[in-house]
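Structural description and commentary
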Amino acid sequence: QSGVSARKDGTVNVTLEDIGGLENIKEDLDEIIRFLKDPTTFTKVGAKPPKGILMEGGPGVGKTLLAKAIAGEAKVPFYSMAGSEFVEIIVGVGAARVRDLFKRARLNAPCLIFVDEIDALGTARASAGTRGTEEHEQTLNQLLTEMDGFTPDTGVVFIGATNRADLLDPALLRPGRFDRKIEVNKPNVDARQKILQIHLSKRNVNPDIDTARLARNLPGMTGAEIASVVNEAAVHCVRREGSQIEEEDVMYGSDRVLYGVRGKAHDKD
Ligand code: ATP
């Protein structure tokens, strides 16, 4: 995943510069980053800091990357779990995991907690089915308790991500829990070009490559798909024993990602 790695102290080396597009969202993150950098600046003046943020958007649009960039810019630890990791059969296990995660975060504050697929534990109860319902309720209740327990002094920001905000339990959406919602959309052509440039910049690329034209040829692709295209392009470049990634490598990568097979049109092997 784009060379992203967690450091020993839990911080990550991702910055806003690693994100292509999503400019309007990036501007809005400044306040959260400032809070994490120094929570006391908020508490001193009695300003209400952001505490819960819900990110909504389809797979691969950069929700996790955005959350990592917030933590990376603020240089605070990033704690992440997938909602599905809390879903257990044995009653109490999920709730204990939620408790542990928040406890660890409080001990290492200021920091950021990121829970991907939050719908897995926060789905409206009626649709949760009968099996495991008690466990599910306990886990969700624990999460709600933890979120309510945050005060500005806690210095923890909680970010939940979902593809389906409409499925979330209304309790999670009540005021004071997720006080901010961020919608993350697929990139337009300019953003696709930036994403392409970001991922190409980490590789050996022919500097004359026309990224604007290539971006036009990646219609509807997400950031994650564009990252895969670049990866495939690099592999193709190696295979043809090239020294630099060329446009044809990227076009090959695009076919590979779009159709999952070797693109005939660009396959010169
Ligand atoms: P999911 O819902 O499947 O978890 P997500 O929205 O959290 O998806 P990410 O995990 O952030 O998506 O994206 C996966 C990878 O795709 C990132 O690590 C990065 O390499 C690339 N990527 C996605 N969006 C962007 C972007 N806007 N700019 C640069 N790279 C991106």
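Described below are features of the structure shown in this document. All values derive from a computational prediction rather than experimental measurement.

Re the environment of Glu248
Structurally, the position occupied by Glu248 is in helix H12 (residues 247-259). Expressed as a C-alpha distance, the spacing of Glu248 and Thr154, which sit 94 residues apart in the sequence, is 52 Å.

Quick look at the site of the ligand
Gly20, Gly60, Lys63, Thr64 and Asp116 are the nearest of the 20 residues found near the ligand. Residue Gly62 places a main-chain N or O atom 3.0 Å away from an oxygen atom belonging to the ligand. In the complex, the protein chains occlude 88% of the 630 Å² of accessible area that the ligand would expose alone. Given that more than half its atoms are within 2 Å of the pocket grid, the ligand belongs to the largest pocket. Of all the secondary-structure elements, those providing two or more residues to the shell around the ligand are helix H4 (63-74), helix H9 (189-200) and helix H11 (223-239). Looking at the shell around the ligand, its residues break down into seven nonpolar, 10 polar and three charged.

Some words on the nonpolar core
Judged by nonpolar contacts, the single largest core of 30 residues is most densely connected at Leu29, Leu36, Leu66, Ile70, Leu112 and Ile159. Taken together, the elements giving at least two residues each to this core come down to helix H2 (30-37), strand S1 (52-56), H4, strand S3 (111-116) and strand S4 (156-162). A total of six residues in this core trace back to one element, the largest contributor, which is H4. Beyond its immediate chain neighbours, meaning those up to four positions away, Ile70 contacts Leu29, Ile32, Ile33, Leu36, Met55, Leu112 and Ile159. If you look at the next biggest cluster of nonpolar residues, it comprises 25 residues, including Leu54, Phe102, Ala171 and Phe178.

Reading guide: rules and limits
Residues numbered from 1 in each chain as written. Predicted model: local features only at pLDDT ≥ 70, side-chain atom pairs only at ≥ 80, totals over all residues. Heavy atoms only, no water. Helix = DSSP H or I, 4+ residues; strand = E, 2+ residues; numbered from the N terminus. Near = heavy atom within 4 Å. Polar contact = N/O pair within 3.5 Å; in protein donor to acceptor, adjacent residues only side chain to side chain. Areas by Shrake-Rupley, 256 points an atom, 1.4 Å probe, with all protein chains shown as cover. 1 Å grid on protein atoms, 1.4 Å probe; cavity = no way out; pocket = protein on both sides within 12 Å on 5 of 7 lines; lining within 4 Å. Sits in = over half its atoms within 2 Å of the grid points. Nonpolar A, V, L, I, M, F, W, Y, C, P; charged D, E, K, R; others polar. Core = buried A, V, L, I, M, F, W, Y, C linked by side-chain atoms within 4.5 Å. Buried < 20%, exposed > 50% of the residue type's maximum accessible area, 1.4 Å probe, protein only. Contact = heavy atoms within 4.5 Å.

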